[in-house]
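Fold and contact review
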Amino acid sequence: MTILATNKAKKDLIDGSVFDIFGGIICFVLSLAFSLLIYPATINLSGFDWILMLFLILVVALFLAYMGLIHIDNYLRWNRAEETIWVKDGMLVIDCQGSILRKHKEISLSRIRKIKKFDRLEILRGTYSPDRLRIYYSRRRRYRFGICMNQKQRDELAQKIMDLVEQCS
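It should be emphasised that the depicted structure is a prediction, and the values quoted were computed from it without experimental measurement.

Rules used in this analysis
- Residues numbered from 1 in each chain as written.
- Predicted model: local features only at pLDDT ≥ 70, side-chain atom pairs only at ≥ 80, totals over all residues.
- Heavy atoms only, no water.
- Helix = DSSP H or I, 4+ residues; strand = E, 2+ residues; numbered from the N terminus.
- Buried < 20%, exposed > 50% of the residue type's maximum accessible area, 1.4 Å probe, protein only.
- Pairing = 2+ DSSP bridges.
- Core = buried A, V, L, I, M, F, W, Y, C linked by side-chain atoms within 4.5 Å.
- Contact = heavy atoms within 4.5 Å.
- Patch = residues over 30% accessible without salt bridge, like charges linked within 9 Å, V, L, I, M, F, W, Y side chains within 5 Å.
- Areas by Shrake-Rupley, 256 points an atom, 1.4 Å probe, with all protein chains shown as cover.
- Salt bridge = Lys/Arg side-chain N within 4 Å of Asp/Glu carboxyl O.

Digging into the environment of Leu58
Relative to the helices and strands, Leu58 resides in helix 2 (residues 47-79). Placed 24 residues apart in sequence, Leu58 and Phe34 show a C-alpha to C-alpha distance of 9.6 Å.

Laid out in C-alpha cells, this is it:
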C-alpha cells in the first residue's frame, strides 16, 4: 500500500462557507414547510388527484432535503474532512473521512484515462466545491477528489497517478 496524498480541510467559516451550512438548514426547513403548507390543500381532492398531489409534494420535499444534505456535506468537506489517497493491489483508493457523501472510492489503475483540474462553480451546489481534481475512468465515468489542494499539490498528485497508470499498462 502506497499513500500518495493526505489532504485536510483548510477553509474557515469567515471565507464564505457559512452559506453552505445555513443553505442546508434553509433547504431542510423549506422542504418541511412546503410539505406542511401544501398538504391541507390536498385534503379536498379526490381519487387520483389526491395521490398525484401527494406524490408531487413528496418529490419536491425530498429534492429540497437532498439539496440541504449537499450543502451541509459541502460545508463539512471545506471545514472538517480529511482525504487519503493511496494505491493498493492495482487500485487507486480515495477515502474521505468527516463528510456525509462520497466517502470511499476504488478505481482500477488500468481504467483511468486522464486527470483534469476542477475549479469551477457547481450549479447544483451553488458554491465552489473543495474538490480540486477530476479523474476520468471508463467511458463516461468521473470522480472528483483532492480537497483543498493548491496548484503545486494538484500537479504533483496528478503526475504521480498518471505515472502509476503508465506503469500498470
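A word on the pairing of strand 2 (residues 82-88)
Burial of strand 2 is extensive: five of the seven residues sit out of reach of the surface. Direction of pairing for strand 1 (residues 2-8) relative to strand 2: antiparallel, over a ladder of six bridges. Paired with Ala5 across the bridge in strand 2 is Ile85. Where strand 2 and strand 3 (residues 91-97) come together, seven bridges link them in antiparallel fashion. Bridge pairing links Lys88 to Met91 in strand 3.

Side note on the nonpolar core
Core analysis: the biggest nonpolar cluster contains 20 residues, and Ile85, Leu92, Ile112, Ile135, Phe145, Leu157 and Ile161 have the highest contact counts within it. Of all the elements in the fold, those that place two or more residues in this core are strand 1, strand 2, strand 3, strand 5 (112-117), strand 6 (131-137), strand 7 (141-147) and helix 3 (151-168). No other element matches the four residues that helix 3 contributes to this core. Among all residues touching Ile135, those that are not within four sequence positions of it are Leu92, Ile107, Ile112, Lys114, Ile115, Arg141, Arg142, Tyr143 and Phe145.

Some details on a nonpolar patch on the surface
Taken together, the side chains of Leu52, Met53, Phe55, Leu56 and Val59 define a hydrophobic patch exposed on the protein surface, amounting to about 430 Å² of accessible area. Looking at the element boundaries, Val59 is found in helix 2. According to the relative accessible area criterion, Val59 is partly exposed, its value standing at 41%.

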